[in-house]
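Summary of the model geometry
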Amino acid sequence: MPVRGLRKYLSAASNLFDAKHSTATLLSIDIEQEGRITQELQRDQDKDPVRGFGAGGIIKVTWNIEGVLMLPWRPKVKPWTGWTKYHLDEEGLIEFHEEGWDISALRAFVETIWPELGDKIWVKSNELEPALKPISLLDGSASDFTKR
């Protein structure tokens, strides 16, 4: 569901997380595609401006976020990293933005709605124990693995 307009965007974003129990950390800002606006930001005036979608350039920010969502059951969002690409128009305004996360949308949904289930499905890699123990086939065993 798109959010159109600065006022609606700020309202939606500011009401998503509990500010007292949440953090967002800016990790990097990079110019991914140069355009008239990004060239001005870099003070590089000797290139021709780009025309069309993203004519002002594309700025990519990488961030880390964690906290508590403003939902009735107050689910905790574990730390995860993502990126946002801001496509600027010829006036330097954001005409489009896209984002990606280091977790799947399915995982984010499950961990928000059913945190306990999410904990069981996506265990931290350092807590994983193999369910099966490899054994040598040289001992005459018929299978590669046995249950612990």
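Residues numbered from 1 in each chain as written. Predicted model: local features only at pLDDT ≥ 70, side-chain atom pairs only at ≥ 80, totals over all residues. Heavy atoms only, no water.

Quick look at the packing of aromatic side chains now. In the structure shown here, the tally under the stated rule is three aromatic pairs. Aromatic side chains F109 and W114 sit 6.0 Å apart centroid to centroid with 85 degrees between the ring planes, which places their arrangement in the edge-to-face category. Members of the aromatic cluster, connected to one another through ring pairs, are W63, W80 and W101. Looking at K60, its charged tip hangs above the ring of W83, at a distance of 5.3 Å from the centre. Positioned above the aromatic ring of W83, the side-chain terminus of K85 is 5.1 Å from the ring centre. (Phe/Tyr/Trp six-rings, centres within 6.5 Å; stacked < 30°, edge-to-face > 60°. Lys NZ or Arg CZ within 6 Å of the ring centre and 35° of its normal.)

Our focus in this paragraph is the pairing of strand β2 (residues 57-68). Of all 12 residues that make up β2, nine are buried, and the element is covered over most of its length. Where β2 lies against strand β3 (residues 76-88), 11 bridges are found, and the strand directions are antiparallel. Paired with I58 across the two strands is H87, which belongs to β3. (Buried < 20%, exposed > 50% of the residue type's maximum accessible area, 1.4 Å probe, protein only. Helix = DSSP H or I, 4+ residues; strand = E, 2+ residues; numbered from the N terminus. Pairing = 2+ DSSP bridges.)

Quick look at the nonpolar core now. The tendency in soluble globular proteins is for nonpolar side chains to be buried side by side. If you look at the biggest cluster of nonpolar residues, it comprises 11 residues: F17, I59, V61, W63, I65, L69, V77, W80, L88, I103 and A108. Contributions of two or more residues to this core are made by β2 and β3. The element contributing the most residues to this core is β2, with four residues. Apart from residues lying up to four places away in sequence, V61 is in contact with L26, S28, I29, G82, W83, T84 and Y86. (Core = buried A, V, L, I, M, F, W, Y, C linked by side-chain atoms within 4.5 Å. Contact = heavy atoms within 4.5 Å.)

The subject of this paragraph is the pattern of salt bridges. Per the stated rule, a full pass over the model turns up five salt bridges. The partner of D18 in a salt bridge is R74, and the shortest N-O contact between them spans 2.3 Å. You can see D18 sitting in the loop between α1 (6-14) and β1 (23-34) and its partner R74 sitting in the loop between β2 and β3, a full 56 residues away along the chain. Exposure remark for D18: the relative accessible area of 10% places this residue in the buried category. Judged by its relative accessible area of 37%, R74 falls in the partly exposed class. E111 is the partner of R107 in a salt bridge, and the nearest nitrogen-oxygen pair spans 3.0 Å. Linking R107 with E111, this pair stays in helix α3 (residues 105-113), spanning four residues, or about one helical turn. (Salt bridge = Lys/Arg side-chain N within 4 Å of Asp/Glu carboxyl O.)

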